[in-house]
There are 2 protein chains.
Amino acid sequence: MHFQKTADGFELAINGTTVLRHSAGSTCIFVGKGEERMDMYRGNFDIEDYVVERLALRHAEVEGDSVTLSDAQGQQPRLRLSISDNSVKVDALDPSVNRFWLRMVAEKDECVWGGGEQMSYFNMRGRKFPLWTSEPGVGRDKTTELTFKADVSSKAGGDYYHTNYPQPTYVSSRHYALHVETTAYSVFDFRRDGFHEIEVWAVPDRLEFFAADTFTALVGQLSLRFGRQPELPEWVYNGAIIGLKDGEQSFARLEKIRAAGVKVSGLWCEDWVGLRHTTFGARLFWDWKANEERYPALRQKIAELADNDIRFLGYVNPYLCIDGSFFPEAEAKGYFAKNDTGETALVDFGEFDCGVVDFTNPEAMDWFAETIIGQNMLDFGLSGWMADFGEYLPIDIHLANGVDAKLMHNAWPTIWAEVNAKAVASRGKTGETLFFMRAGFSGVQAHCPLLWGGDQSVDFTRHDGLVTVMSGALSSGLLGNAYHHSDIGGYTSLFGNVRTAELLMRWAEMGAFTPVMRTHEGNRPRDNLQIDQDETVLAHFARMTAIYVHLAPYLKALSTEATQTGLPVQRPLFLHHEGDRQTYEIQDAYLYGTELLVAPIWQAGQSERTVYLPQSTEWVHIWSGSVHEGGQEVTIAAPLGQPPVFYRKDAKNAELFAGIRNI
Amino acid sequence: MHFQKTADGFELAINGTTVLRHSAGSTCIFVGKGEERMDMYRGNFDIEDYVVERLALRHAEVEGDSVTLSDAQGQQPRLRLSISDNSVKVDALDPSVNRFWLRMVAEKDECVWGGGEQMSYFNMRGRKFPLWTSEPGVGRDKTTELTFKADVSSKAGGDYYHTNYPQPTYVSSRHYALHVETTAYSVFDFRRDGFHEIEVWAVPDRLEFFAADTFTALVGQLSLRFGRQPELPEWVYNGAIIGLKDGEQSFARLEKIRAAGVKVSGLWCEDWVGLRHTTFGARLFWDWKANEERYPALRQKIAELADNDIRFLGYVNPYLCIDGSFFPEAEAKGYFAKNDTGETALVDFGEFDCGVVDFTNPEAMDWFAETIIGQNMLDFGLSGWMADFGEYLPIDIHLANGVDAKLMHNAWPTIWAEVNAKAVASRGKTGETLFFMRAGFSGVQAHCPLLWGGDQSVDFTRHDGLVTVMSGALSSGLLGNAYHHSDIGGYTSLFGNVRTAELLMRWAEMGAFTPVMRTHEGNRPRDNLQIDQDETVLAHFARMTAIYVHLAPYLKALSTEATQTGLPVQRPLFLHHEGDRQTYEIQDAYLYGTELLVAPIWQAGQSERTVYLPQSTEWVHIWSGSVHEGGQEVTIAAPLGQPPVFYRKDAKNAELFAGIRNI
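Residues numbered from 1 in each chain as written. Chains lettered and ligands numbered in written order. Predicted model: local features only at pLDDT ≥ 70, side-chain atom pairs only at ≥ 80, totals over all residues. Heavy atoms only, no water.

With respect to the interface of chain A and chain B
The interface is formed by 25 residues belonging to chain A together with 25 residues belonging to chain B. Interface area lost by chain A to chain B is led by Tyr50, Arg54 and Phe148 of chain A, which between them contribute 31%. One can count four salt bridges joining chain A with chain B. For glutamate 53 of chain A, the salt bridge is made with arginine 58 of chain B, and the minimal N-O distance between the two is 2.4 Å. Where chain A touches chain B, the interface holds 15 residue pairs in polar contact (both at pLDDT 80 or more). Elements that contribute at least two residues to the side of chain A that touches chain B include exactly strand S4 (29–41), strand S5 (44–56), helix H1 (145–154) and strand S16 (195–200) of chain A. Top element by residues in the side of chain A that touches chain B is S5 of chain A. It accounts for eight residues. For the side of chain A that touches chain B, the residue count by class is nine nonpolar, three polar and 13 charged. (Contact = heavy atoms within 4.5 Å. Buried area = accessible area lost by both parts, 1.4 Å probe. Salt bridge = Lys/Arg side-chain N within 4 Å of Asp/Glu carboxyl O. Polar contact = N/O pair within 3.5 Å; in protein donor to acceptor, adjacent residues only side chain to side chain. Helix = DSSP H or I, 4+ residues; strand = E, 2+ residues; numbered from the N terminus. Nonpolar A, V, L, I, M, F, W, Y, C, P; charged D, E, K, R; others polar.)

Things to note about the packing of helix H11 (residues 535–550) of chain B against helix H12 (residues 552–565) of chain B
Residue and element names in this part refer to chain B. It is at 5 Å that the axes of H11 and H12 come closest, and there the two elements cross at 55 degrees. Of the possible angle classes, the one that applies to H11 and H12 is oblique. Counting all contacts with H11, which are made through Tyr548, Val549 and His550, the residues of H12 involved are Ala552, Pro553 and Leu555. Taken together, the residues of the contact of H11 with H12 sort by class into five nonpolar, one polar and no charged. (Axes fitted to C-alpha atoms, helices over the stretch in contact; angles between N-to-C directions. Parallel < 35°, antiparallel > 145°, perpendicular 65-115°, else oblique.)

What to know about the pairing of strand S5 (residues 44–56) of chain B
Residue and element names in this part refer to chain B. Sheet analysis places strand S4 (residues 29–41) next to S5, joined by twelve bridges and oriented antiparallel. Across the sheet, tyrosine 41 pairs through a bridge with asparagine 44, a residue of S5. Hairpin geometry of S4 and S5 is characterised by an intervening segment of two residues between the two adjacent antiparallel strands and by a positive phi of about 45 degrees at arginine 42. (Pairing = 2+ DSSP bridges.)

Side note on the domain arrangement of chain A
Residue and element names in this part refer to chain A. Partitioning chain A into domains gives domain 1 (2–226) and domain 2 (574–662). Each of domain 1 and domain 2 has a C-alpha centre, and the two are 35 Å apart. Facing the 15 residues of domain 1 at the interface are nine residues of domain 2. Summed over both sides, the interface between domain 1 and domain 2 buries roughly 970 Å², with carbon and sulfur atoms accounting for 59% of that surface. By the criterion of area lost to domain 2, the three top residues of domain 1 are Phe122, Phe215 and Thr216, representing 46% of everything that side buries. In this structure, the connection of domain 1 to domain 2 is made through zero salt bridges. Put simply, domain 1 and domain 2 have seven residue pairs in polar contact (both at pLDDT 80 or more) between them. A per-element tally of the side of domain 1 that touches domain 2 places helix H2 (residues 215–226) first, with three residues. Classifying every residue of the side of domain 1 that touches domain 2 by side-chain character gives six nonpolar, six polar and three charged. (Domains from an automatic or database assignment.)

Here you go:
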């Protein structure tokens, strides 16, 4: 990659695709100064920028692989771009600059995907995406009562771009990808015909370019850049991970569930740490060790589960509650982030305060990994956990590394993943212990073995329901996250919004065709239907776990493939059908490997669904065996228990797939 | 006023108050380029700016009364400021500039008032105010169900700064005022401690400064600048203007109302033009002449009303419906604004299209004034009307004067006022005919004899109810609008929000202490309580009209005073109590002239109210006669029929005021 000098500027191309085009009359780089306002309220942010100056850097001096930019000829140079391989290093020559805007060459009908884990829009073209890790919001749709109520009650309604896992990286249908190496707040704006505008609230370290002739090769490059995950643990293939948080009742309920024919690989009890009772209801006790009162003789129970090839999973997050056992130790050792007066910064999580363990202090990180996760979780016998949060780093605290918390905020999910991965590695259990995260940022790929799609509402809504999980899987998958899964049945039940049996069953149908099946009781278990409360639901769920187990050989091969190629298990249709433009915007169906096409029912009351089948091959409907030419939409019956799934007629695993009909 | 040269910049002061302070390190002027996006939906706008460049003009060359500004010494000059009297003329020297930002020197505890007619916040300090004439919105509070529903159903919820009458002018508690002479979209941002930022989406023509040692003198200056209104017509003092839109039933209902003792000065029938039936319900027929079907023999009726000293008022707005009688004539004469293809631009007002009469064509203006208002309204016998709209000029039409509709949009209310005033003047009826407008902009003062506060919701809400009328009266009053009034009982009834008897009575209590009492049946007369439907309400209303008539001599003196001094009838407390800082933020009480203090009940279910009485005088409670020292809050009983009103103990009109107790 080299700068191409032009009459009054330069161009930059990668693999024959022009990505930057600069002239005095049409500047592609702007710098300036901004004064941001950021207010956080329990993981939800209100953010506004006051741009004091924004200057077009019209004059470019190109010298070899370096360009120096200034407002005009003879003026103070403000920025230098230097190419090294396929990266452009960015250096501010004017120290007052704290805002950076870049215009990437764009085409009107271009598609752009990525941006981390995007839950509402897989193709980001035509919209603007602030990239800042936060709560995704409840409902995420300003036109709905649910979002309105969440906004009014707790500023928690969210919007289409809110995500636990943003990442300043996109893949273009022009067969290139851009990654902006920065942890600052950034905005990717894909609304303009002729350019994409990248805004960064700092001078980014680097612009990294990737290009390949095929999308699969491009994804492979990105997965190498950000890190590939180990293969899924063998034990996962045994069935679903059952989420129960019912104290010791959980074991009896699990037995009932197993007795109904459910294939089970693990029991996940997030309440293993015990409960705290608040006026909002029961919350977990944020002190990360087994709670004898709620789970008496837990190690004995874990051993008994192991006798049946069932693993036990728990829960952890990066905070420690002030009234817990670890807090005094961490405080005495100075492991907490500090407030403005140099004392431990306390964060209110709703009637209880917590300290933020300062992972920028290597000692604190090691202590958390060794003492908490290592000794109290891994050595105790946990085979995995939800590694929750990561999005909540307060922006007004002081960290040991001296970096502004506003710059560490986006970095935190990756650091949090690293803490977990480090603990797992210390016990030699990488690829064996399975923790899962909703938060992410650039580089989380190298540490987190499994994403989970966050806290969907328990409904079929467009921006916070079942369908959003697919967009999350596809967008994050393109950036090198091979494994994605979700809370079967959704999580968030607020303002009277509760689960239906239909939702639970449709979600399980999708879950059977994802790398990991895992249920969740949700935030209000008592108000919401559980898989073990309804015979039909339970029988349906059992069958779905059997399908999951039946597909295990295929999934296992995909897992091996992921480590070799970086391709995710769930893939957008276009990844293997790039010649078929009609596949580029599909976000409610996915390829499962190359051979299966999964198009879950994601709306209520549907008994059939119309599915677009990619060109150039024939597709077999998995339930009826009917064969369909690609390159057309087909409408297919989809009663409960028969989610629209197709396999390629030429699939190597055709026999395995056809066998599903007998389950 | 002169530029004061400093080490590396300049200062500007007026009457000893520094208003601008510029140095290379702390620039007070920025220019740049923006690309706006403006979407209009029936008077509601969605507006966003993409600021491409924003440059600090650091280098100032001061030469006498002129300053030339550039980015840096030796660079292209971009802007020139030239003083002439108390104005600063602004000239762009760089033709590409279309954005202008100005930082006015500010103090943290400063108050700022004005901004046109501001309905939510009288003191604008601490908030940001886009200035763009539009629908004010329904509910105007994003935290309420009402606003949420209005937003979702028709983008019509509005926000605190939305107003029919914005004006880029403010009065500062530092005893100066700034008026920005421009019709472009602008934003006054009063959120920062050290400066107010004025943003204009154009280079403004002038910055006009005003200063005086007292606020009353400052208001006097502003009223001279923008134009003073004639005195109120004599006939208004006869009582209330009764709004009925019931076709010929209106006359019988008026008789019943009069029989109940209501003092009546006029009958206002907005449906005098007839109705159009749409799926949304009955709408007016937008063809501005009497409708014989709905009002048979209307001239006879007007004459009969006149026998009883009652005037008849109608309704007009600047559009003509495509199926009306005037449309073909206006189209044939080329009087309509054009669309992109050069044809008459049609605007959809909800199942009917209208042409926009192009008042920038002097012939079209004369035709509307003479043919429509002159012949069909004034000569017909109307004594006044609601001159509605003015806020809706579409931004994508083409006007005869060749000016961008985006620059004419804010100008339109004043031009519309001028059309009406011109027609009235042509019949020698200035000061005799009373039309009233909700829309306004700089200069509307010279043409519009009476403001009305727009379409409040029929409720007691903070941002769209009764209380907002006071803020509207006080803010517009400071800028030279002496007369303000409102729809008694409010107007907008949507989503099940309907009038209560209490609301109607409390609103009438306030109306008795405003320049004009006028009722409105509201947008949904059948669903909402009317003054003639409830005996208690009617008797209460009759008494309030008697109070209004009783106060007429006082009001008349205030009207005379307004023509002489520019002081409005309704005044903020601080206007006559500048030494008393506690009065500066009061927006739910007002002085009525100097001698009365009116503190209406504006919340439901109140039987008393706490009122702050300004220092340095004693105040007599008008109903009980109790005397209270100023400089304190008093809590006073306020049953229905006894709104909290006080008069100065030393009032010249004390006897008149005390006489109210006998009504």
